[in-house]
Amino acid sequence: MSILYTNHISDSIGGCVLKERYDRIFLLDDTQTHKHCLPLLADWVAANDAEVLTMEAGDVAKNLDTLARIWQQLTEKGASRHSLLVNLGGGVVTDLGGFAAATFKRGIEFINIPTTLLSMVDAAVGGKTGINFAGLKNEIGAFCPAAHVVIDTVFLRTLDNANICSGYAEMLKHALLHNAEMWADHLQQDLQHPDYEALGRLVQQSIDVKERIVSQDPHEKGLRKALNLGHTFGHAFESLALSQGRPVLHGYAVAWGIVCELYLSAVLLGFPTAHLHQTVRFIRETYGHLSFTCKDYDRLLDYIRHDKKNVGGQVNFTLLADIGQIRLDCHASREQICEALDFLREG
Ligand code: GLY
């Protein structure tokens, strides 16, 4: 897989997609990226006679029906083993489009062009593809890396502030997993007034960190579990908020999850309290608070216990002994988990 950074998507994609390698080119977008992002690729689409397939936007469309419709359209429009699928969108499009490509005729090549910060630094890179199924997120899927990922930070300018902050939580996670210098750089950004040049540089660093981890453990048998930092609590917050009819963006839940998991890191592994407090201050200022009470704890513990990363009923956390010092498969007692929730609520 190669990652291409560009400021001029229409020209750059021509460089990495050699038309003669493919008999047909298809482009999958959604109703949002069709309107806001596809126009930047209009010349390339016309020059390559690319067939555009458009799915509904949003996580509700990440399902078997949409996938079947993509397979159907590929079949009807004459896609072969030698066709290419270009996915233009956020994580839903790159995950579902990647899975459609991974399975169509046992696999055709695909390219991801992520258009959200979250998908640039996470979903589009690393080869996880899939759909939601039977009410469970990403339940069906395959590990299958894109042939190329093309990153154009011009798309960041199409995002609102909440979506910038949401993607940035995964970048902060990568910085915590990497080193103190990268972490300190991340705490200095003012996301209310993004410096897009600086953000573009941090995006590259972030993708490098993820790539380095994934290349050592593509199928998540060991080291890749590091990327779950903040996600054990984070998924529980996401599920709680959704069940209460006030859904939160993924990255916000991850940021609050990082607060809880750094608290556990401090208690269980001696993660330095100065680093804990600096990180928590940034997260509070950027992401605000999730409102919940101790009456929600049982529900949250239930979500945490049912996280699909757990093995044999044991809750597995990724924690840190310090910035960059990753500890996998850590365990905490019920009391410690509740203390971490108190810390998030009261701090
Ligand atoms: N989103 C975490 C991973 O790709 O492993």
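Scroll up to find the structure this text is about.
What you see is a predicted model, and the numbers here were worked out from it, not measured in a lab.

Asks: Now, about the site of the ligand: what can you tell me, with residues and values included?
Replies: Taken together, the neighbourhood of the ligand is formed by D122, K128, K210, E220, R224 and L227. One of the side-chain nitrogen or oxygen atoms of K128 is found 2.9 Å away from an oxygen atom of the ligand. If the ligand stood free it would expose 190 Å²; the protein chains cover 87% of that surface. In the shell around the ligand, the residues fall into one nonpolar, no polar and five charged.

Asks: Kindly report on the sheet that holds strand β4 (residues 84–89), identifying the contributing residues and their values.
Replies: If you trace the six strands from one edge of the open sheet to the other, you get β1-β8-β5-β4-β2-β3, paired in parallel fashion. Sheet topology places β1 (2–6) and β3 (51–55) at the edges, where each strand pairs with a single neighbour. Adjacent strand axes in the sheet meet at a mean angle of 20°, parallel and antiparallel pairs treated alike. Here β4 runs beside strand β5 (residues 109–114); their pairing, made up of six bridges, is parallel. Each residue of the ladder has a partner; that of L85, found in β5, is F110. Lying over the sheet, helix α4 (residues 64–76) contacts β2 (25–30) and β3, oriented at roughly 165° with respect to β3.

Asks: How would you summarise the nonpolar core if you had to cite specific residues and measurements?
Replies: In terms of nonpolar packing, the biggest core is built from 114 residues, with I113, L176, F233, F237, Y287 and F317 touching the most fellow members. In terms of residue count, the dominant contributor to this core is helix α11 (residues 250–269) (12 residues).

Asks: Just give me the short version of the side chain of T232, but keep the residues and values in it.
Replies: Along the chain, T232 turns up in helix α10 (residues 231–243). T232 gets classed as buried once you look at its relative accessible area, which sits at 1%. In this view, T232 contacts E261, I304, D307, K309, V315, N316 and F317; residues no more than four positions away in its chain are not counted.

Asks: Residues and numbers for α4, please.
Replies: With 13 residues, α4 extends 18 Å from end C-alpha to end C-alpha; this agrees with the ideal 18 Å at 1.5 Å per step. For α4, every residue scored as buried is listed here: T66, L67, I70 and L74. Seen along its axis, α4 keeps its buried residues to an arc of 100°; they face one direction. For α4, the exposed residues lying more than 90 degrees away from the buried face are D65, T75 and E76. The secondary structure elements touched by the buried residues of α4 are β2, β3, α5 (91–103) and β6 (128–133). Backbone geometry just downstream of α4 places G78 in the positive-phi region, at approximately 80°.

Asks: Outline the packing of α11 against helix α14 (residues 334–346), supporting the account with residue identities and numerical values.
Replies: Close contact between α11 and α14 brings their axes to 9 Å; oriented N to C, the two are set at 125°. It follows from the interaxial angle that α11 and α14 lie oblique. Like other packed secondary-structure pairs, α11 and α14 cross with a definite hand, here right-handed. Where α11 abuts α14, its residues W256, V259, C260, Y263, L264, V267 and L268 lie against Q336, I337, E339, A340, L341, F343 and L344. In terms of residue class, the contact of α11 with α14 is made up of 12 nonpolar, one polar and one charged.

Asks: So what's going on with the environment of L156? Residues and values would help.
Replies: Residue placement: L156 occurs in the loop between β8 (148–152) and α7 (161–178). Along the chain, L156 and E261 lie 105 residues apart, while their C-alpha atoms are 29 Å from each other. The residues touching L156, leaving out its near neighbours within four places in the chain, are L117, M120, I164, Y196 and L199.

Asks: So what's going on with the packing of aromatic side chains? Which residues, and what values?
Replies: In the structure shown here, the tally under the stated rule is eight aromatic pairs. Consider the rings of F233 and F237, whose centres lie 6.2 Å apart with planes at 35°: the pair is tilted. Taken together, the positions of F233 and F237, both in helix α10 and four residues apart, correspond to about one turn of that helix. For the pair F233 and F237, a shared accessibility class is recorded, and that class is buried. Through a chain of ring-to-ring contacts, three or more aromatic side chains come together here, namely F233, F237, F292, Y297 and F317. The ring of F343 carries the charged tip of R284 above its face, separated from the ring centre by 6.0 Å.

Asks: Can you tell me about the packing of α7 against helix α12 (residues 273–287), naming the residues and giving the values?
Replies: Where α7 contacts α12, the axes come no closer than 12 Å and their chain directions differ by 170°. Regarding the angle of α7 to α12, the classification is roughly antiparallel. Contact residues: C165, S166, Y168, A169, L172 and L176 in α7; T279, F282, I283, T286 and Y287 in α12. Of the residues belonging to the contact of α7 with α12, the class tally is eight nonpolar, three polar and no charged.

Asks: Pulling in residues and values, what's your account of the pattern of salt bridges?
Replies: One side chain can pair with another of opposite charge once the charged atoms of both are near each other. What the rule picks out here adds up to 12 salt bridges. Between D59 and K137 there is a salt bridge, and its shortest N-O distance comes to 3.6 Å. Of this pair, D59 sits in the loop between β3 and α4 while K137 is found in strand β7 (residues 136–143), placing the two residues 78 residues apart along the sequence. Given a relative accessible area of 34%, D59 falls into the partly exposed group. Between K173 and E170 there is a salt bridge whose closest N-O contact spans 2.8 Å. Within this pair, K173 and its partner E170 are both found in helix α7, separated by three residues, close to a single helical turn. The same class applies to K173 as to E170, namely buried.

Rules and cut-offs
Residues numbered from 1 in each chain as written. Predicted model: local features only at pLDDT ≥ 70, side-chain atom pairs only at ≥ 80, totals over all residues. Heavy atoms only, no water. Near = heavy atom within 4 Å. Polar contact = N/O pair within 3.5 Å; in protein donor to acceptor, adjacent residues only side chain to side chain. Areas by Shrake-Rupley, 256 points an atom, 1.4 Å probe, with all protein chains shown as cover. Nonpolar A, V, L, I, M, F, W, Y, C, P; charged D, E, K, R; others polar. Pairing = 2+ DSSP bridges. Helix = DSSP H or I, 4+ residues; strand = E, 2+ residues; numbered from the N terminus. Axes fitted to C-alpha atoms, helices over the stretch in contact; angles between N-to-C directions. Contact = heavy atoms within 4.5 Å. Core = buried A, V, L, I, M, F, W, Y, C linked by side-chain atoms within 4.5 Å. Buried < 20%, exposed > 50% of the residue type's maximum accessible area, 1.4 Å probe, protein only. Expected span 1.5 Å × (residues − 1). Arc of directions from axis to C-beta. Parallel < 35°, antiparallel > 145°, perpendicular 65-115°, else oblique. Left-handed = near helix turned anticlockwise from the far one by under 90°. Phe/Tyr/Trp six-rings, centres within 6.5 Å; stacked < 30°, edge-to-face > 60°. Lys NZ or Arg CZ within 6 Å of the ring centre and 35° of its normal. Salt bridge = Lys/Arg side-chain N within 4 Å of Asp/Glu carboxyl O.

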